[in-house]
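Structure assessment
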Amino acid sequence: MNKLITILGIIVMLGIVYLLSDNKKAINKRTVFTALGAQIVLSLFLIKVPIGSWIIEQLASGVTKLFSFANEGLIFVFGDLFGQGYFFIDVLGVIIFLSALTGILGYLGVVGWVVKVIGGAVGKLLGTEKAESFVAVANMFLGQTEAPFLVAKYLPNMTNSELMTVLVSGMGSMSASILVGYSLLGIPMKWLLITTALVPFGSMLVAKILTPETEISQVSDVTLDRKGSNTSIFSAMAEGINNGLQMVLGIGASLIAVISIVALLNSILGLIGTSFTEALGYVFLPIGWLMGLSGSEAMIAGQILGTKMSINEFVAYADLAPMMAELSDRAVAMLSIAVGSFGAFASIAICVTGLSVFAPTRKNDLSKLALRGMLGGFIVPILSAMFVGLFL
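Just so you know, these numbers come straight off a predicted model, no measurement behind them.

Digging into the overall build of the protein chain
- When helices and strands are counted, the protein chain shows 18 helices and zero strands.
- Here the protein chain has a C-alpha radius of gyration of 20 Å; the compact-globule value for 392 residues is 21 Å, and the two agree.
- Considering only intrachain contacts with a sequence separation of at least 6, the fraction spanning at least 24 residues in the protein chain is 80%.
- For the protein chain, the computed accessible surface area is about 16600 Å², with 68% contributed by carbon and sulfur atoms.
- For the protein chain, the centre of its 21 positive side-chain charges and the centre of its 21 negative side-chain charges are spaced 11 Å apart.

Quick word on the packing of aromatic side chains
- Evaluated as defined, the whole model comprises three aromatic pairs.
- Centre to centre, the rings of Tyr182 and Tyr317 are 4.7 Å apart; their planes meet at 45 degrees, and the pair counts as tilted. You can see Tyr182 sitting in helix H9 (residues 176–185) and its partner Tyr317 sitting in helix H15 (residues 313–320), a full 135 residues away along the chain. Across the pair, exposure class does not vary: Tyr182 and Tyr317 are buried alike.
- Of the aromatic side chains, those joined through ring pairs into one cluster are Tyr182, Phe314 and Tyr317.
- Above the plane of the ring of Tyr18 lies Lys24, whose end atom (NZ or CZ) is 5.7 Å from the centre.

Considerations on the confidence of the model for the protein chain
- Confidence along the protein chain averages 86 in pLDDT terms, with 97% of residues attaining 70 or more.
- The lowest-confidence element of the protein chain is helix H5 (residues 87–108), averaging 79 in pLDDT; the highest-confidence one is helix H16 (residues 329–338), averaging 96.

Concerning the environment of Leu198
- Within the secondary structure, Leu198 sits in the loop between helix H10 (189–197) and helix H11 (199–210).
- Spatially, the C-alpha atoms of Leu198 and Lys65 are 23 Å apart, while their sequence positions differ by 133 residues.
- In contact with Leu198, other than residues within four places in its own chain, are Gln39, Leu42, Ser43, Ser384 and Val388.

Notes on the nonpolar core
- One finds Tyr182, Ile194, Met291, Phe314, Tyr317 and Leu383 to be the most contacted residues of the largest nonpolar core, which totals 126 residues.
- Of all the elements, helix H18 (residues 363–389) adds the most residues to this core, at 13 residues.

Let's talk about the pattern of salt bridges
- Under the criterion given, the structure shown has four salt bridges.
- Among the ionic pairs, Asp22 bridges to Arg372, the shortest N-O distance being 3.0 Å. Of this pair, Asp22 sits in the loop between helix H1 (2–19) and helix H2 (29–47) while Arg372 sits in helix H18, placing them 350 residues apart in sequence.
- Asp365 is paired through a salt bridge with Arg362; the nearest N and O atoms lie 2.8 Å apart.

Section: the packing of helix H7 (residues 130–138) against H11
- Contact pair H7 / H11: the axes reach a minimum separation of 8 Å and the direction vectors enclose 130 degrees. Our classification of the angle between H7 and H11 gives oblique. Taken as a pair, H7 and H11 cross one another with a handedness that is right-handed. Contacts between H7 and H11 involve Glu132, Ser133, Ala136 and Val137 from the first element and Val199, Pro200, Met204 and Lys208 from the second.
- Split into classes, the residues belonging to the contact of H7 with H11 amount to five nonpolar, one polar and two charged.

Overview of the side chain of Asn139
- Within the secondary structure, Asn139 sits in the loop between H7 and helix H8 (160–171).
- At 3.1 Å, the side chain of Asn139 forms a polar contact with the side chain of Ser169.
- Discounting chain neighbours no more than four positions away, the residues touching Asn139 are Gln144, Ala147, Ser169, Gly170, Ser173, Met174 and Val199.

Cut-offs used in this document
Residue numbering note: each chain is counted from 1, following its sequence as written. Where totals are concerned, whole chains, interfaces and linings use all residues; where local detail is concerned, this predicted model gives features only for residues with pLDDT of at least 70, and gives and counts side-chain atom pairs only at 80 or more. Only hydrogens and water are set aside; all other atoms, that is, all heavy atoms of the structure, feed into the side-chain values. Under the DSSP-based scheme used, a helix requires at least four consecutive residues in state H or I and a strand at least two consecutive residues in state E, with every element numbered from the N terminus. For the radius of gyration, the atoms used are the C-alpha atoms, and the globule rule reads 2.2 Å times the number of residues raised to 0.38. We call two residues in contact whenever any of their non-hydrogen atoms come within 4.5 Å of each other. The method behind every accessible area is Shrake-Rupley, applied with a 1.4 Å probe, and residues are considered shielded solely by the protein chains displayed. Neither His nor the chain ends contribute to the count of charged residues, in which Lys and Arg are positive and Asp and Glu negative. Charge coordinates come from a single atom per side chain, which is NZ of Lys, CZ of Arg, CG of Asp or CD of Glu. Any two of the Phe, Tyr and Trp rings considered here, Trp counted by its six-membered ring, make a pair once their centres fall within 6.5 Å; the pair's planes then place it as stacked at under 30 degrees, edge-to-face at over 60, or tilted in between. The classification of residues rests on relative accessible area computed with a 1.4 Å probe and restricted to protein chains. Under 20% of the type maximum is buried, over 50% is exposed, and intermediate values are partly exposed. Sitting over a ring, as applied to charges here, requires NZ of Lys or CZ of Arg to be within 6 Å of the ring centre and within 35 degrees of the ring normal. Values of pLDDT, the confidence the predictor places in each residue, fall between 0 and 100. The set of buried Ala, Val, Leu, Ile, Met, Phe, Trp, Tyr and Cys residues whose side-chain atoms join them within 4.5 Å is what this entry labels a nonpolar core. Any carboxyl oxygen of Asp or Glu within 4 Å of a side-chain nitrogen of Lys or Arg constitutes a salt bridge here. Here, axes are lines fitted to C-alpha atoms. For helices the fit covers the stretch in contact, and angles between N-to-C directions go from 0 to 180 degrees. Angle categories are assigned with fixed cut-offs, so that under 35 degrees is roughly parallel, over 145 is roughly antiparallel, 65 to 115 is roughly perpendicular, and the rest are oblique. What makes a crossing left-handed is the near helix being turned counterclockwise from the far one by less than a right angle; a clockwise turn instead makes it right-handed. Here the term charged refers only to Asp, Glu, Lys and Arg, the term nonpolar to Ala, Val, Leu, Ile, Met, Phe, Trp, Tyr, Cys and Pro, and the term polar to all other amino acids, Gly among them. In protein, a polar contact means a hydrogen-donor-capable atom and an acceptor-capable atom, both N or O and within 3.5 Å, with residues adjacent in sequence counting only if both atoms are side-chain atoms; elsewhere, any N or O pair within 3.5 Å suffices.

Written out as structure tokens, the structure is:
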């Protein structure tokens, strides 16, 4: 019965995306149904096919091992303070290491090569343009303003449909550098990696319904910019370190402010017998039910998803982690995936500002597309969770 409700949930969520479309008659059915089929097949492969499950388990083990190398630097700097439960040191500190490593791999062309190979395959399968396909795939590894950097010189000439793909894939994904933070909170790495794997097809599915292609693409002969302004591997590493530091400070400041504000709101609303998180739970409860979760689990899903959209995914994961013990394995898996994107109101300004640097002449277009792009980015991992939930 739960899986029948999940199927209904997929239909309803796609229906919402359809209602948000700015040109319903122009929707390319081949692209949409191919992306839909690819999501279902990929979810089946990763969950039910032994080799698929083995690949995810091995990747999860490898990534966790990779994270552990950050311990050496943290122990050297913080000594006995490391491993004592200090969030800033134990969780956020690892992000700097991952960000530096990502910068190095980007400069060496490793990220670009993977993006080119997978992005080319996605583009051919769906019939989408190279630049937008590359960005959708790049968001498996990079952040919402980092991935477009690979094709920055093409952004001014992109069609509105291609820009929507950039927005949805950016706000419908997570950065690899920050996965460690979620994992150290207690979110299973397996589900985080599956969320990431489902980004390209999920983003294309949603983006090409929201803003179908009606123009002739002006982007051709795409080459990826892997070095940017870096002149050596050391400058790339330094840039990664700086980006990681800014990310850590931003996350830390956000958590301090947001958790304090939520506590204040809970105290105020407590005067009338409710709380901010409880109110969010009721607002987003229908989504939890459509995921095929039980009554109490659907309420928790509503609270977590409401926190994610109104605040950010890091706070939502921080709230989810201590609740996992009281949830079923299916609910843990689906919520770990459903929260996994930057699709929140705060991301709208980040995306528009970040992309406008590369394409100042398209700032008005980006501003017009951004709200629907954020909603699309919010829906992408929820759909991914529902697809995975069909096989759990």
